[in-house]
Amino acid sequence: MKALVLNGLKEPLTISEVDKPVLKEDEVLVKIKAAAFNHRDKWIQEGLYAGIKYPIILGSDGAGIVAETGSSVDKKWLNQEVIINPSFNWGNNDKAQSKDFRILGLPDNGTLGEYALCKAEYLYKKPEHLSFEESAAIPLAGLTAYRALFTRAATQPREKVLINGIGGGVALFALQYAVAEGCEVYVTSSSDEKIEKAKFLGAYGGVNYKTTSWVDDLKAMAGGFDVIVDSAAGEGFKNLVELANPGGRIVFYGATTGTIKELDPRRIFWKQLNILGSTMGTQKDFEQMLSFIDQHKLLPVIDKVFAFNEANEALDRMRKSEQFGKIVIKVDL
Ligand SMILES: NC(=O)c1ccc[n+]([C@@H]2O[C@H](COP(=O)([O-])OP(=O)(O)OC[C@H]3O[C@@H](n4cnc5c(N)ncnc54)[C@H](OP(=O)(O)O)[C@@H]3O)[C@@H](O)[C@H]2O)c1
């Protein structure tokens with residue numbers, strides 16, 4: 001089968017002929033119709049991720065059709081249109097993943113190929129109102145946003161929510177979910193154009209975090225926030241503590257700008273803040289996310305659909321933070 005293979009550190013992805021995966025009894029083979037990139041794929045290519053091995057077929061997001069089923073898998077899955085939950089081996093504790101937790105696309109080969117392998121338990125029916133490309137945009141980012149916003153931060157209708165760095169794939173799902181939940185949502189971005197696009201999706205307003213006055217501007221615009229969703233961390237995190245309402249929750253799932261510095265503990269305990277870490281999600285989170293998307297008939301925001309042979313161009317777009325929404329790869333092999 002054909003696949004996009006990463007052969008080494010900082011190398012481009014190359015289209016290669018590789019062996020079709022061999023099924024175990026509880027596994028299925030999905031003929032991939034569309035896949036999508038996450039920041040994770042870029043981190044792996046740049047050597048900034050734990051447990052990297054080469055060669056590897058990247059891709060945590062995939063939608064397609066079940067082509068083969070292992071001997072113990074219910075045959076009802078054959079020829080079904082599906083999406084894959086890439087959050088493998090979470091374990092029995094809903095509060096945190098087990099030590100065996102792994103994400104599709106490293107160390108196991110991922111979705112950027114003609115076929116992808118997974119256990120049948122990670123298959124879900126493709127949402128009926130969505131195309132393969134739209135469905136492929138959901139899994140990793142949609143799940144991470146769902147758990148962060150609802151399972152961890154327990155966001156309620158009418159709360160004031162700030163999404164920091166709206167250009168991110170996860171951030172955009174968080175915006176769509178919070179708007180659908182009836183929250184008053186604000187955003188930040190490095191791009192005024194992205195703020196305008198976010199308003200089109202239902203945000204009340206936003207500020208450009210590249211300006212020196214963005215924290216004061218945001219306070220003037222919205223007051224404080226009950227829930228803040230972040231993936232940047234780094235030096236700017238202290239501003240989020242400043243922007244949180246007393247009793248508020250700051251939930252974060254990334255550290256794009258590095259280590260959190262100069263955090264004043266007095267601000268945190270005096271304001272009774274909850275600072276919450278979040279990662280991916282459970283099977284239950286995934287199921288609840290799909291029913292939320294179905295209930296609200298949400299359409300994932302897609303930045304651009306690239307052809308299979310344009311994958312390096314697609315990754316470059318992410319590297320430059322040019323995207324607004326998910327970067328999808330059509331897999332029509
Ligand atoms: N723990 C998990 O389960 C999990 C899951 C998914 C992602 N992540 C992590 O979360 C981060 C985002 O992932 P993604 O796939 O959503 O990435 P992405 O689509 O590549 O988006 C990254 C976005 O981060 C924003 N950003 C960059 N610098 C910022 C800053 N100083 N302040 C605020 N925002 C800033 C930018 O927003 P603007 O373009 O609007 O400026 C950029 O578009 C990555 O670090 C990723 O590894 C973790």
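Calculation rules
- Residues numbered from 1 in each chain as written.
- Predicted model: local features only at pLDDT ≥ 70, side-chain atom pairs only at ≥ 80, totals over all residues.
- Heavy atoms only, no water.
- Core = buried A, V, L, I, M, F, W, Y, C linked by side-chain atoms within 4.5 Å.
- Buried < 20%, exposed > 50% of the residue type's maximum accessible area, 1.4 Å probe, protein only.
- Domains from an automatic or database assignment.
- Contact = heavy atoms within 4.5 Å.
- Buried area = accessible area lost by both parts, 1.4 Å probe.
- Salt bridge = Lys/Arg side-chain N within 4 Å of Asp/Glu carboxyl O.
- Polar contact = N/O pair within 3.5 Å; in protein donor to acceptor, adjacent residues only side chain to side chain.
- Nonpolar A, V, L, I, M, F, W, Y, C, P; charged D, E, K, R; others polar.
- Pairing = 2+ DSSP bridges.
- Helix = DSSP H or I, 4+ residues; strand = E, 2+ residues; numbered from the N terminus.
- Axes fitted to C-alpha atoms, helices over the stretch in contact; angles between N-to-C directions.
- Arc of directions from axis to C-beta.
- Phe/Tyr/Trp six-rings, centres within 6.5 Å; stacked < 30°, edge-to-face > 60°.
- Lys NZ or Arg CZ within 6 Å of the ring centre and 35° of its normal.
- UniProt positions renumbered as here; feature names shortened; annotations may be inferred.
- Near = heavy atom within 4 Å.
- Areas by Shrake-Rupley, 256 points an atom, 1.4 Å probe, with all protein chains shown as cover.

Under an unreviewed UniProt entry, the protein chain has the name Alcohol dehydrogenase and belongs to Solitalea longa.

### A short note on the nonpolar core
Judged by nonpolar contacts, the single largest core of 54 residues is most densely connected at I163, I166, Y177 and M289. No fewer than three residues from each of domain 1 (2-138 + 300-330) and domain 2 (143-277) sit in this core.

### A closer look at the domain arrangement of the protein chain
As assigned here, the protein chain comprises domain 1 (2-138 + 300-330) and domain 2 (143-277). The gap between the C-alpha centroids of domain 1 and domain 2 is 28 Å. Tallying the contact residues gives 18 residues for domain 1 and 13 residues for domain 2. Together, the buried faces of domain 1 and domain 2 total about 1100 Å²; carbon and sulfur atoms form 65% of this surface. Linking domain 1 with domain 2 are zero salt bridges. Connecting domain 1 to domain 2 are four residue pairs in polar contact (both at pLDDT 80 or more). Along the lines of polarity and charge, the residues of the side of domain 1 that touches domain 2 split into eight nonpolar, six polar and four charged.

### Quick notes on the sheet that holds strand β16 (residues 274-277)
Spatially, the six strands line up as an open sheet ordered β13-β12-β11-β14-β15-β16, and their pairing is parallel. Pairing within the sheet leaves two strands with one partner each, and these edge strands are β13 (205-208) and β16. When the angles between neighbouring strand axes are averaged without regard to direction, this sheet yields 15°. In the sheet, strand β15 (residues 244-252) pairs with β16 via four bridges, with the strands oriented parallel. Bridge pairing in β16 places V251 opposite L276. Here helix α5 (residues 192-200) sits on the sheet and contacts β12 (184-189) and β13; the angle it forms with β13, its principal contact strand, is near 170°.

### Focus on α5
Turn by turn, an α-helix covers 3.6 residues, leaving residues three or four places apart pointing in a common direction. When α5 is considered as a whole, its buried residues turn out to be K194, I195 and A198. For α5, the buried positions fall inside an angular range of 105° around the axis, keeping them on one side. Among the exposed residues of α5, those oriented more than 90 degrees off its buried face are D192, E193 and F200. Those residues of α5 that are buried are in contact with α4 (169-180), β12 and β13. Where α5 begins, the capping side chain belongs to S191, and its oxygen is found 3.3 Å from the backbone nitrogen of E193. Taken from the residues just after α5, G202 is the one with a positive phi, measuring 120°.

### Overview of the packing of aromatic side chains
Following the criterion strictly, the structure yields 13 aromatic pairs and no others. Ring geometry for F88 and Y122: centres 4.5 Å apart, planes at 25°, overall stacked. A residue pair is termed long-range when its members are at least 10 positions apart, and F88 in strand β7 (residues 87-88) and Y122 in the loop between β9 (115-119) and β10 (123-125) qualify at 34 residues. Grouping residues by exposure puts F88 and Y122 together as buried. Their ring planes at 45° and their centres at 4.8 Å tell us that Y124 and F286 sit as a pair that is tilted. With Y124 in strand β10 and F286 in helix α9 (residues 283-295), this residue pair connects regions lying 162 residues apart in the sequence. One exposure class covers both Y124 and F286, and it is buried. Taken together through their ring pairs, the aromatic side chains of Y146, F150, F173, Y177 and F292 make up a single cluster. Against the face of Y115 rests K31, its NZ or CZ located 5.5 Å from the ring centre. Above the ring of F132, the side-chain terminus of K126 is found at 5.2 Å from the ring centroid.

### Overview of the UniProt feature "domain: Enoyl reductase (ER)" (unreviewed entry) in the protein chain
Residues given the UniProt feature "domain: Enoyl reductase (ER)" (unreviewed entry) here are residues 8-329. Across residues 8-329 one finds 28% helix and 26% strand; the C-alpha atoms that close the span lie 21 Å apart.

### Considering the site of the ligand
The environment of the ligand is formed by 27 residues, the closest being H39, W43, S189, S190 and Y209. Contact between the ligand and T279: a nitrogen atom at 3.1 Å from a side-chain N or O atom of the residue. About the coverage of the ligand: the protein hides 88% of its 930 Å² of free accessible area. Every element with two or more residues in the shell around the ligand is listed here: α1 (39-45), α3 (139-152) and α4. Across the shell around the ligand, the residue classes break down as nine nonpolar, 17 polar and one charged.

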